[in-house]
Amino acid sequence: MFYPSFFYRKPSRAVLLAASCLSVSALQAQEKQNVLFIVVDDLRPELGCYGSDVAITPHLDKLAEQSVVFQKAYCNVPVSGASRSSLLTGVYPDIVEGRFVDAETRSEKDLPGVVTLPLAFKNAGYYTLSLGKVFHHFDDRTDSWSESPWIVSPASGDWALYNKWNVWKTEIPEAELHPQSHRGPYCEAADVPDSCYEDNQIARKAVAELNRLKEMDRPFFLAVGFRKPHLPFIAPKKYWDLYRREDIKIADNRYRPEGLSEQVQGSREIFQYTRVTDTSAEDFHREARHAYYACVSFVDAQIGLVLDELERLGLADNTVVVLLGDHGWHLGEHDFWGKHTLLQQATHAPLMVRCPDATSGQSRSIVEFVDIYPSLCEVCGITLPEHLQGRSFLPVLKNPEAKHRDCAFIQWGKGVNVVTPEFSYAEWYDKSQSRVVDEALFDYRLDPQENRNAAGEKKYQKLIKRFKDFIGRKRQEIHLR
């Protein structure tokens, strides 16, 4: 049996600075490189470039051809607010001290004063802009930006209230809205132009800003956050029409994994919308997947507008492009819908990086989202802040076959998860976070869909002991207090 090594030696400051200098000569032109940082809400690796034979994503697939595509990228916490705060500060979540743990996380509250990723670029002379949903709360760490963050949805209140913020385009009688949330149906296929929806407004704003940024005599860090395919699954009808519902395949493991801890429960988010009845029914699975794919194709088109303008303006040759989904999303696997689990559908996310004059290809090495911050700094020759807990995957950007990490470390609720290429091990704790009350082991060589918890089998006990030892060390390492 193969046992992962889990060896990790944090590189010295001298080594990091040397790598930064190497990155400048290897990847950087004479002038500083710009950064276009695109984050997409609830986008799982359901893309053509990730092997999907269903999703129609020509613009993302084209970007992938020019990028290093990380096939095994993992968020460090499967919920938007915490995931974004973690990756934009380069610091792990910590369920013990309550840092970066839920949707309503604010980095300025959980980790005040730390230098964020955009602030590091701003301090290095970059003009930094935030458009759309970048931090989960648009007014979180506004000092990171050269201008006030720009958004379409409201600064406060529920952005998804039915038609209050022009979210839906189809009129629904008041009596048919959700009685508690006052939200509308979970999906919509209105026969309207792209401009009726928020993500097109974000894309057009990004196009306008690129034209303005080109005229500035300084490099830029432009962050653009798109909402789709986040619920509600609303997109113009023409994107629904790209798919034939009868041809859409649904998950073949629409059942709870055998022996899974009761601490693992599906997200309740989808139940905040109407037209959600029997989520186990095959018709619902097919409709919900159709709706999700339509939203993915819609946001792909909006990203294409931005990338095409970057190219048209002659900026592509000197701009690093990063694209990621902030976490994964269950599409009916195990009869779950949404994020909020330590299963791979919730934690595995897309990540691709295009560097001018650099290589492209598929990387099978594991990377974590906390690695994005130091990687971008090194690519652009920016000194790494001392607080960073991730490490740069610059060697993978130079050689996609290079190995980066043995495993990913993920946290959610009262549980932690270690993922290697061969295994996924999770354990859950009591209220004191000191005693393990349940555990799960999935052997990907035998069970790639995570359908059966094998933690009780004798042959895995030595491996589980190694996982437990690693988790103990890792939890001490990430603790800041």
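For the structure given in this document, a descriptive report is provided here. This is a predicted model, so every value here is computed, not measured.

1. A short note on a negative patch on the surface
Moving on, step 1. A contiguous patch of negative charge, built from Asp-308, Glu-311, Asp-317 and Asp-357, is present on the exposed surface.
Moving on, step 2. Examined against the element boundaries, Asp-317 turns out to sit in the loop between helix H8 (282–312) and strand S7 (319–325).

2. Re helix H10 (residues 372–379)
Moving on, step 1. Summarising burial for H10: 8 of the 8 residues are buried, a large majority.
Moving on, step 2. Of the residues making up H10, those classed as buried are Ile-372, Tyr-373, Pro-374, Ser-375, Leu-376, Cys-377, Glu-378 and Val-379.
Moving on, step 3. Directly after H10, the chain includes Gly-381, whose backbone phi takes a positive value near 70 degrees.

3. Considering the sheet that holds strand S1 (residues 34–40)
Moving on, step 1. In spatial order, the strands read S3-S5-S1-S7-S10-S2-S11; together these 7 strands make up an open sheet with mixed pairing. Looking at the sheet topology across the chains shown, the edges are occupied by strand S3 (127–132) and strand S11 (361–368). With direction set aside, neighbouring strand axes in the sheet form an average angle of 15 degrees.
Moving on, step 2. Sheet analysis places strand S2 (residues 68–74) next to strand S10 (residues 351–354), joined by 2 bridges and oriented antiparallel. Across the sheet, residue Val-68 finds its bridge partner in S10, namely Val-353.
Moving on, step 3. Most of the contacts of helix H2 (residues 58–65) go to S10, to which it runs at about 55 degrees, and overall it touches S2, S7 and S10.
Moving on, step 4. Where H10 meets the sheet, it contacts S1, strand S5 (220–226), S7, S10 and S11, and its direction lies at approximately 170 degrees from that of S7.

4. A short note on the packing of aromatic side chains
Moving on, step 1. With the rule as written, the count across this model stands at 21 aromatic pairs.
Moving on, step 2. A centroid spacing of 6.5 Å and a plane angle of 80 degrees characterise the contact between Phe-135 and Trp-145, whose relative ring orientation is edge-to-face. Taken together, the residues Phe-135 in the loop between S3 and strand S4 (187–188) and Trp-145 in the loop between S3 and S4 connect sequence positions 10 residues apart. Assigned by exposure class, Phe-135 and Trp-145 land together as buried.

5. Things to note about unusual backbone geometry
Moving on, step 1. Omega for the peptide link from Lys-228 to Pro-229 comes to 15 degrees, which places this bond in the cis form.
Moving on, step 2. Counting through the fold element by element, Pro-229 comes out in the loop between S5 and strand S6 (233–234).
Moving on, step 3. Cis geometry marks the peptide bond from Leu-231 to Pro-232; its omega dihedral reads -5 degrees.
Moving on, step 4. Along the chain, Pro-232 turns up in the loop between S5 and S6.
Moving on, step 5. A positive phi angle, near 55 degrees, is found at Phe-100, a position not held by glycine.
Moving on, step 6. Relative to the helices and strands, Phe-100 resides in the loop between helix H3 (80–89) and helix H4 (107–110).
Moving on, step 7. If you check the backbone angles, His-340 has positive phi at about 70 degrees while not being a glycine.
Moving on, step 8. Here His-340 shows up in the loop between strand S9 (337–338) and helix H9 (344–347).

6. Thoughts on the sheet that holds strand S13 (residues 415–419)
Moving on, step 1. Strand order in the open sheet formed by 4 strands is S12-S13-S14-S15, and the pairing between neighbours is antiparallel. Only two strands of the sheet have a single neighbouring strand rather than two, namely strand S12 (408–412) and strand S15 (436–443). The sheet shows a mean angle of 15 degrees between the axes of neighbouring strands, taken without regard to direction.
Moving on, step 2. Where helix H12 (residues 461–478) meets the sheet, it contacts S12, S13, strand S14 (423–429) and S15, and its direction lies at approximately 60 degrees from that of S14.

7. Here's the deal with the pattern of salt bridges
Moving on, step 1. Counting across every chain of the model gives 37 salt bridges.
Moving on, step 2. A salt bridge links Lys-339 to Asp-42; the shortest N-O distance between them is 3.0 Å. Highlighted residues: Lys-339 in the loop between S9 and H9 and Asp-42 in the loop between S1 and H2, separated in sequence by 297 residues. Residues Lys-339 and Asp-42 agree in their burial class; the two are buried.
Moving on, step 3. Between Asp-139 and Arg-106 there is a salt bridge, and its shortest N-O distance comes to 3.0 Å. One end of the pair, Asp-139, is in the loop between S3 and S4; the other, Arg-106, is in the loop between H3 and H4, with 33 residues separating them in the sequence.
Moving on, step 4. Take Asp-139: its relative accessible area is 31%, and that puts it in the partly exposed class.
Moving on, step 5. Using a relative accessible area of 26% as the deciding quantity, one classes Arg-106 as partly exposed.
Moving on, step 6. Where salt bridges share partners, they join Asp-41, Arg-84, Lys-133 and Asp-326 into one cluster.

8. Re the side chain of Glu-97
Moving on, step 1. Structurally, Glu-97 can be placed in the loop between H3 and H4.
Moving on, step 2. By relative accessible area, Glu-97 is classed as buried at 14%.
Moving on, step 3. For Glu-97, the side chain forms a polar contact with the main-chain nitrogen of Leu-480, separated by 3.4 Å.

9. Here we look at the environment of Trp-428
Moving on, step 1. Inspection of the secondary structure puts Trp-428 in strand S14.
Moving on, step 2. What makes Trp-428 buried here is its relative accessible area of 5%.
Moving on, step 3. It is 4.1 Å that separates the C-alpha atoms of Trp-428 and Gly-415, two residues lying 13 residues apart in sequence.
Moving on, step 4. The contact partners of Trp-428, leaving out residues within four places of it in the chain, are Ser-261, Gln-263, Val-264, Leu-342, Lys-414, Gly-415, Arg-435, Val-436, Val-437, Asp-438, Glu-439 and Ala-440.

10. A short note on the packing of H2 against H8
Moving on, step 1. Orientation of H2 relative to H8, taken along the N-to-C sense of each, is 50 degrees, at an axis distance of 7 Å. Considered as vectors, H2 and H8 are oriented oblique to each other. Every residue of H8 that contacts H2 at Pro-58, His-59, Leu-60 and Leu-63 is listed here: Asp-300, Ala-301, Ile-303, Gly-304, Leu-307 and Asp-308.
Moving on, step 2. In terms of residue class, the contact of H2 with H8 is made up of 6 nonpolar, 2 polar and 2 charged.

Thresholds applied
- Residues numbered from 1 in each chain as written.
- Predicted model: local features only at pLDDT ≥ 70, side-chain atom pairs only at ≥ 80, totals over all residues.
- Heavy atoms only, no water.
- Patch = residues over 30% accessible without salt bridge, like charges linked within 9 Å, V, L, I, M, F, W, Y side chains within 5 Å.
- Areas by Shrake-Rupley, 256 points an atom, 1.4 Å probe, with all protein chains shown as cover.
- Salt bridge = Lys/Arg side-chain N within 4 Å of Asp/Glu carboxyl O.
- Lys, Arg positive; Asp, Glu negative; His and termini not counted.
- Charge placed at Lys NZ, Arg CZ, Asp CG, Glu CD.
- Helix = DSSP H or I, 4+ residues; strand = E, 2+ residues; numbered from the N terminus.
- Buried < 20%, exposed > 50% of the residue type's maximum accessible area, 1.4 Å probe, protein only.
- Pairing = 2+ DSSP bridges.
- Axes fitted to C-alpha atoms, helices over the stretch in contact; angles between N-to-C directions.
- Contact = heavy atoms within 4.5 Å.
- Phe/Tyr/Trp six-rings, centres within 6.5 Å; stacked < 30°, edge-to-face > 60°.
- Polar contact = N/O pair within 3.5 Å; in protein donor to acceptor, adjacent residues only side chain to side chain.
- Parallel < 35°, antiparallel > 145°, perpendicular 65-115°, else oblique.
- Nonpolar A, V, L, I, M, F, W, Y, C, P; charged D, E, K, R; others polar.

So far we have only geometry, and geometry alone does not tell us how the molecule works.
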